[in-house]
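Listed here are the chains, written in short residue letters.
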Amino acid sequence: MPIPSNNYGNIQAFAPNRIVTAASLDTSDVLAVRVSESVLYRINNAGAQASMPAGVTAVAEGVTSFNFSSSITIEVMDLA
């Protein structure tokens, strides 16, 4: 089943290029991320914290970072 994305149509499959452990992730060249458990985060280190559910999250246009409440392991699918 395709994964909806706000700026790239549908992602047909999630294929991570790398796995990182961090409290902040630069998403400038990232298509999608996957986390194994729900985590609190902020977009572009601004606004209220929200909960990112476990699973795949597509990165919308204009999002330059995800800032998590603590260091977590993130699977990253880069654009290139």
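Everything below is about the structure shown above.
Residues numbered from 1 in each chain as written. Predicted model: local features only at pLDDT ≥ 70, side-chain atom pairs only at ≥ 80, totals over all residues. Heavy atoms only, no water.

This paragraph deals with the overall build of the chain. Summing up its helical and strand segments, the chain has zero helices and eight strands in all. In the chain, the succession of α and β elements from N to C terminus is β-β-β-β-β-β-β-β. Relative to its 80 residues, the chain shows a buried fraction of 36%. Long-range contacts, defined as pairs at least 24 residues apart, comprise 62% of the intrachain contacts of the chain with a sequence gap of at least 6. If you sum the accessible surface of the chain, you get close to 4600 Å²; carbon and sulfur atoms cover 51% of it. (Helix = DSSP H or I, 4+ residues; strand = E, 2+ residues; numbered from the N terminus. Buried < 20%, exposed > 50% of the residue type's maximum accessible area, 1.4 Å probe, protein only. Contact = heavy atoms within 4.5 Å. Areas by Shrake-Rupley, 256 points an atom, 1.4 Å probe, with all protein chains shown as cover.)

Here D78 shows up in strand β8 (residues 65–78). Judged by relative accessible area, D78 falls into the buried class, the value being 19%. Side-chain polar atoms of D78 contact the side chain of R18, separated by 3.0 Å. Excluding residues within four positions of it along the chain, D78 makes contact with N17, R18, D29, V30 and L31. (Polar contact = N/O pair within 3.5 Å; in protein donor to acceptor, adjacent residues only side chain to side chain.)

Time to look at the nonpolar core. One broad rule of soluble globular proteins: the nonpolar side chains tend to lie buried together. Residues L25, V33, M52, F66, F68 and I74 are the most contacted members of the largest nonpolar core, which totals 15 residues. Among the elements of the structure, β3 (18–26), β4 (30–35), β5 (39–43) and β8 are those that each provide at least two residues to this core. Broken down by element, this core gets its largest block of residues, five residues, from β8. (Core = buried A, V, L, I, M, F, W, Y, C linked by side-chain atoms within 4.5 Å.)

A few words on the pairing of strand β6 (residues 46–52). For a regular strand, the rule is simple: side chains alternate between the two faces of the sheet. The pairing of β5 with β6 spans four bridges and is antiparallel. Bridging across to β6, V39 finds its partner in M52. What sits between β5 and β6 in their antiparallel hairpin is a turn of two residues, with N44 showing a positive phi close to 55°. (Pairing = 2+ DSSP bridges.)

Okay, the pairing of β5 next. Examined bridge by bridge, β5 and β8 share three bridges and lie antiparallel to one another. In the sheet register, Y41 faces β8, and the bridge partner there is F68.

Applying the stated criterion across every chain, the model contains two salt bridges. Salt-bridge contacts for R18 lead to D78; the nearest nitrogen and oxygen are separated by 3.0 Å. In this pair, R18 is assigned in strand β3 and D78 in strand β8, connecting sequence segments 60 residues apart. On the basis of relative accessibility, which here comes to 32%, the residue R18 falls in the partly exposed class. One salt bridge in this structure joins R34 and E75, with 2.9 Å as the shortest N-O distance. (Salt bridge = Lys/Arg side-chain N within 4 Å of Asp/Glu carboxyl O.)

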